[in-house]
Amino acid sequence: MLGAEGSALSELAKMTAASQAERTVLEEEFNWLLKEEVHAVLKQLQDILKEASRRFSMPLPGLEGQLKQENFILGSSTMDQVKGVLTLQGEALTQADINIKVAKSSQVMHFAFRDDKQWKLQQIQDARNHVNQTLQLLSSRDESYTFKTGAEVNKLMDAVMLQLTRARNRLTTPASMTLPELAASGLMNFKSAGSSVLHNPGAMFEYNNTKFEVSHVHKVECVVPWLNDTLVFFTISLQLCQQLKDKISVFSSFWNYRPF
């Protein structure tokens, strides 16, 4: 009996030693993750988001203080009643030349922006602000900073992902305007009231004590390539954040006594 008990105790001691050795290896790997890999990911995120930030304000070559003007063609895959060209400079529509063909008529209505008017695209400005806030979060933990727990890393990643998600949502789901807001905007900044700018024919609204009725609705779009690039940057950055969080969770699942 004593021999059997001694053998069992010996096996238990070996298992305990092996378990302790495994934990030591895991702890060394985790410390390396906190010290090296986390900062490598933060640097990668900063590089990607700095490139995204530059997309919002492309300067003219040799003229750093002046933003590049870009022309975009309005179009629709289902109708040709509306045609036009928009000029985008940073976050502002500075010029527009639009022709609308009146239904059941050969009449063409022409619209253009006044030279002293611009339409600020609030969603672009908001998205850029979220990117800048993300860069500030990342720069607050430079290479000299030492992360002590996985929970600390996760907290930073959650804050970064929140800002990136908000930036992406502002571009993919822009704020809308009511018809009275649109009429009163003067093509300047606006605050959304949450209603859709696309109203069905027959919709009524009042402006300056005068009632108006929507007779026709036309929806056209234009592709802005650098905005698509920016959305790709956001997606890649969110994936990097999630991958880092997943690595943290793998280590925390090995031993629960340490607060990750």
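Just so it is clear, the model here is predicted, and its values are computed rather than measured.

Conventions and cut-offs
- Residues numbered from 1 in each chain as written.
- Predicted model: local features only at pLDDT ≥ 70, side-chain atom pairs only at ≥ 80, totals over all residues.
- Heavy atoms only, no water.
- Helix = DSSP H or I, 4+ residues; strand = E, 2+ residues; numbered from the N terminus.
- Buried < 20%, exposed > 50% of the residue type's maximum accessible area, 1.4 Å probe, protein only.
- Contact = heavy atoms within 4.5 Å.
- Areas by Shrake-Rupley, 256 points an atom, 1.4 Å probe, with all protein chains shown as cover.
- Axes fitted to C-alpha atoms, helices over the stretch in contact; angles between N-to-C directions.
- Parallel < 35°, antiparallel > 145°, perpendicular 65-115°, else oblique.
- Left-handed = near helix turned anticlockwise from the far one by under 90°.
- Salt bridge = Lys/Arg side-chain N within 4 Å of Asp/Glu carboxyl O.
- Expected span 1.5 Å × (residues − 1).
- pLDDT = per-residue confidence, 0-100.
- Core = buried A, V, L, I, M, F, W, Y, C linked by side-chain atoms within 4.5 Å.
- Phe/Tyr/Trp six-rings, centres within 6.5 Å; stacked < 30°, edge-to-face > 60°.
- Lys NZ or Arg CZ within 6 Å of the ring centre and 35° of its normal.

Chemist: How should I be thinking about the overall build of the protein chain in this particular structure?
Modeler: Per the secondary structure count, the protein chain includes 5 helices and 9 strands. For the protein chain, the N- to C-terminal ordering of α and β elements is α-β-β-β-β-β-β-β-α-α-α-β-β-α. Sorting the 260 residues of the protein chain into buried and exposed places 32% on the buried side. In the protein chain, 60% of the contacts between residues at least 6 apart in sequence involve partners at least 24 apart. Summed over its atoms, the accessible surface of the protein chain is roughly 16,200 Å², and 54% of this surface lies on carbon and sulfur atoms.

Chemist: So what exactly am I meant to see when it comes to the packing of helix α2 (residues 122-139) against helix α3 (residues 150-172) here?
Modeler: Geometrically, a packed helix pair is captured by the angle between its two axes and the distance between the axes. Contact pair α2 / α3: the axes reach a minimum separation of 8 Å and the direction vectors enclose 165°. Taken together, α2 and α3 sit at an angle that is classed as roughly antiparallel. For the crossing formed where α2 meets α3, the hand is left-handed. Here Q122, Q123, I124, D126, A127, H130, Q133, T134, L137 and L138 of α2 lie close against α3, whose contacting residues are L156, A159, V160, Q163, L164, R166, A167, R170 and L171.

Chemist: Explain the pattern of salt bridges here, please?
Modeler: A side chain of one charge can pair with a side chain of the opposite charge if their charged atoms are brought near each other. One pass over the structure, following the stated rule, counts 8 salt bridges. Between E37 and K247 there is a salt bridge, with the nearest N and O atoms lying 2.1 Å from each other. Of this pair, E37 sits in helix α1 (residues 2-55) while K247 sits in helix α5 (residues 225-254); the two residues are 210 residues apart in sequence, bridging distant segments of the chain. Judged by relative accessible area, E37 falls into the buried class, the value being 18%. Here K247 falls in the partly exposed class, since its relative accessible area comes to 37%. One salt-bridge network, in which partners are shared between bridges, spans E51, R54, R55 and D229.

Chemist: So what exactly am I meant to see when it comes to α2 here?
Modeler: Because each turn of an α-helix spans 3.6 residues, side chains separated by three or four positions in sequence point in the same direction. The end-to-end C-alpha distance of α2, which contains 18 residues, comes to 26 Å, matching closely the 26 Å that a straight helix rising 1.5 Å per residue would cover. Every buried residue of α2 is listed here: Q122, Q123, I124, D126, A127, H130, V131, T134, L135 and L138.

Chemist: Help me out: how do you make sense of the confidence of the model for the protein chain in this one?
Modeler: In low-pLDDT segments, the atomic positions of the prediction should not be examined closely. The predicted model of the protein chain has a mean per-residue pLDDT of 79, with 77% of residues at 70 or higher. Considering each helix and strand of the protein chain separately, the mean pLDDT is smallest for strand β1 (residues 59-60), with a value of 52, and largest for α3, with 94. Scored below 50 in pLDDT, residues 190-196 makes 18 contacts in the model with residues more than four places away or belonging to other chains.

Chemist: So what exactly am I meant to see when it comes to the nonpolar core here?
Modeler: If you look at soluble globular proteins, the nonpolar side chains tend to sit buried side by side. Among the nonpolar cores identified, the biggest contains 47 residues, and L42, L45, F56, V153, M157, W226 and F234 are the most heavily contacted of them. Taken together, the elements giving at least two residues each to this core come down to α1, β3 (69-74), β4 (82-89), β5 (92-101), α2, α3 and α5. With 11 residues, the single largest contributor to this core is α1. In this view, M157 contacts L42, L45, C241, L244 and K245; residues no more than four positions away in its chain are not counted.

Chemist: Sorry if this is basic, but what is going on with the packing of aromatic side chains here?
Modeler: Enumeration over the complete set of coordinates arrives at 3 aromatic pairs. Relative to W226, the ring of F56 lies with its centre 5.8 Å away and its plane at 80°, an arrangement referred to as edge-to-face. Taken together, the residues span a long stretch of sequence, with F56 in the loop between α1 and β1 and W226 in helix α5 at a distance of 170 residues. Across the pair, W226 and F56 agree in class, each one buried. Each ring, one from Y145 and one from F147, has its centre 5.1 Å from the other, and the planes form 80°; the classification is edge-to-face. Residue Y145 is classed as partly exposed on the basis of its relative accessible area, which comes to 26%. With a relative accessible area of 4%, F147 lands in the buried category. For the cation-ring pair, R141 lies above Y145, with the distance from its terminal atom to the ring centre recorded as 4.5 Å.

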